[in-house]
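Fold and contact review
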Amino acid sequence: MSQSGDYDAVRKDIVAQLKKPDYDDGSAGPVFVRLAWHSAGTYDVASDTGGSNGAGMRYEAEGGDPANAGLQVARAFLEPVKERHPWITYSDLWTLAGVVAVKEMGGPDVKWLPGRTDFVDDSKLPPRGRLPDAAQGADHLRHIFYRMGFNDQEIVALSGAHNLGRGHKDRSGFDGPWVNNPTRFSNQYFRLLLNLEWKPTTLSNGVKQFNYSDPDAPADEKEEPLMMLPTDMSLLSDSSFLLWVKKYADDKDLFFQHFADVFGKLLELGIKRDDKGSVINTDNVRGGYVS
Ligand code: DDH
């Protein structure tokens, strides 16, 4: 067991959990990034509800939201880390795991500060339906992400996380990776989004996505098609989004810098700090429960 506050020791143990030869593309990194994002992405600026404080996915109301299907796998992968460092809160662990995974997969350093609480504040619980629906378009993206306080540039930068991982038929219903190397953080997602010919495809489960298969690949060497969600495609059909897709496709460093800023901002939603960065603790101010 490490000393309370030794976040470097926690980081090391998260790194040790990343390599998973029998899981997906061999890494838990992408699903850690998604866990961090979904833990924070329920935030609503207007009512100051949702966000990573409280680690609500431990409970059915949030953990059982169909939008969070599959994230129990990420939480289970992180359980040995929690056991070794019982002093860290789940809300800090899940957000830190996303930051560590981005870095280990070749991405930028994302600023991360500790101090989230696992205290569940009833008055801050987010209703379901706060996370984006991949079947929709640009208006929906703005509705969801403006609610968290993001602008168009930040929406596109955040969407670049789809360089990582894949859709799973038994989780979201979508199927396949966005890029050829889905465990390497890069700006490839933007380049492929712009440059490949994406074909509307209806999967056997009725889910509609956009696929690309290399037409020149010999029939016996056909690779798994790449995919885009309808929401990913909407970044092309909206001129304000398209501007940033092009910039990030052209300039990897700009994308890395903007992604680091916006991912860091996402993980801070709803966390109140003083000017030294220490969390202003509001536990027990309102009646809450911990079960
Ligand atoms: Fe995402 N995402 N995401 N996403 N996401 C999925 C997978 C991953 C949307 C829908 C889906 C972000 C934004 C959006 C990651 C990170 C981020 C899947 C497939 C769907 C569906 C899940 C499954 O079947 O396992 C939609 C819609 C949006 C949007 O509207 C913009 C953001 C902002 C992030 C982020 O991290 C900043 C990652 C990583 C994955 C891959 C997970 C995995 O297990 O692999």
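Residues numbered from 1 in each chain as written. Predicted model: local features only at pLDDT ≥ 70, side-chain atom pairs only at ≥ 80, totals over all residues. Heavy atoms only, no water.

What about the coordination of the iron atom of the ligand?
As a reminder, the rule being used: Distances define the donors: N, O and S atoms within 2.8 Å of the metal qualify, as do those within 3.2 Å of Na, K or Ca. Water is excluded, so some sites may look unfinished. Secondary structure elements follow DSSP: runs of H or I no shorter than four residues count as helices, runs of E no shorter than two count as strands, and numbering proceeds from the N terminus.
What the protein offers the iron atom of the ligand as a donor is a single atom, His-162 (NE2), at 2.1 Å. Inspection of the secondary structure assignment puts His-162 in the loop between α7 (152-159) and β1 (166-167).

So, the environment of Gly-176
The condition is simple: Any two residues whose heavy atoms approach within 4.5 Å are treated as being in contact.
Within the secondary structure, Gly-176 is located in strand β2 (residues 176-177). Counting along the chain gives 49 residues from Gly-176 to Pro-225, while the straight-line C-alpha distance between them is 6.8 Å. Non-local contacts of Gly-176, meaning those with residues more than four positions away in its chain, are made with Arg-166, Gly-167, Glu-224 and Met-227.

Looking at the packing of aromatic side chains
To be explicit about the condition: Any two of the Phe, Tyr and Trp rings considered here, Trp counted by its six-membered ring, make a pair once their centres fall within 6.5 Å; the pair's planes then place it as stacked at under 30 degrees, edge-to-face at over 60, or tilted in between. The classification of residues rests on relative accessible area computed with a 1.4 Å probe and restricted to protein chains. Under 20% of the type maximum is buried, over 50% is exposed, and intermediate values are partly exposed. Should the NZ of a Lys or the CZ of an Arg lie within 6 Å of a ring centre and within 35 degrees of the ring normal, that charge is described as sitting over the ring.
All chains considered together, the criterion is met by 19 aromatic pairs. For the ring pair Phe-185 and Phe-259, a centre distance of 4.9 Å and an interplane angle of 50° mean the geometry is tilted. Separated by 74 residues along the polypeptide, Phe-185 in the loop between β2 and α8 (188-195) and Phe-259 in helix α11 (residues 252-267) bring together distant segments of the chain. Using a relative accessible area of 1% as the deciding quantity, one classes Phe-259 as buried. Seen from their ring centres, Phe-259 and Phe-263 are 5.2 Å apart, and the 20° between their planes marks the pair as stacked. Separated by four residues within a single helix, Phe-259 and Phe-263 lie in helix α11, roughly one turn from each other. The same class applies to Phe-259 and to Phe-263, which are both buried. Taken together, the aromatic side chains of Phe-185, Tyr-189, Phe-190, Trp-244, Tyr-248, Phe-255, Phe-256, Phe-259 and Phe-263 make up a single cluster linked through ring pairs. Sitting over the face of the ring of Phe-241, Arg-142 holds its NZ or CZ atom 4.3 Å from the ring centroid.

Concerning the domain arrangement of the protein
For clarity, the cut-off: Domain boundaries shown here were taken from an automatic or database domain assignment. Note on definitions: buried area is the accessible-area loss of two parts on being combined, 1.4 Å probe, summed for both. The salt bridge criterion pairs a side-chain nitrogen of Lys or Arg with a carboxyl oxygen of Asp or Glu, the two atoms within 4 Å. The definition of a polar contact used here is a pair of N or O atoms within 3.5 Å, where within protein one atom must be able to donate a hydrogen and the other to accept one, and adjacent residues in sequence count solely through side-chain atom pairs.
Split into domains, the protein comes out as domain 1 (7-131 + 261-267) and domain 2 (138-259). Summed over both partners, the interface of domain 1 with domain 2 buries about 2,300 Å², with 62% contributed by carbon and sulfur atoms. Of all residues in domain 1, Asp-25, Met-105 and Val-262 give up the largest surface area on contact with domain 2, accounting jointly for 25% of the area buried on that side. Seen at the junction of domain 1 and domain 2, the total is two salt bridges. Across the pair Glu-154 and Lys-265 runs a salt bridge whose closest N-O atoms are separated by 2.9 Å. Joining domain 1 to domain 2, the criterion identifies 15 residue pairs in polar contact (both at pLDDT 80 or more). If you list the elements that add at least two residues to the side of domain 1 that touches domain 2, you get α2 (29-40) and α11.

Observations regarding a negative patch on the surface
Where we set the bar: Like-charged residues within 9 Å of one another, or nonpolar side chains (Val, Leu, Ile, Met, Phe, Trp, Tyr) within 5 Å, are grouped into patches, provided each residue has over 30% relative accessible area and no salt bridge. Throughout, the Shrake-Rupley method with a 1.4 Å probe supplies accessible areas, and for residues the shown protein chains are the sole cover considered. Here Asp and Glu are counted as negative and Lys and Arg as positive; His is not counted, and neither are the chain ends. Every charge is mapped onto a representative atom, which is NZ of Lys, CZ of Arg, CG of Asp or CD of Glu.
A contiguous patch of negative charge, built from Asp-214, Asp-216, Asp-220, Glu-221 and Glu-223, is present on the exposed surface. Inspection of the secondary structure assignment puts Glu-223 in the loop between β4 (208-212) and β5 (226-228).

Observations concerning helix α10 (residues 239-250)
Definition in use: By this rule the span expected of a helix is its residue count minus one, scaled by 1.5 Å. The directions considered for the arc run from the helix axis to the C-beta atoms.
Compared with the 16 Å implied by 1.5 Å per residue over 12 residues, the 17 Å span of α10 between its first and last C-alpha is a close match. Taken together, the buried positions of α10 are occupied by Phe-241, Trp-244, Val-245, Tyr-248 and Ala-249. The buried residues of α10 occupy one face: seen down the axis, they fall within an arc of 140°. Pointing more than 90 degrees away from the buried face of α10 are the exposed residues Ser-239 and Asp-250.

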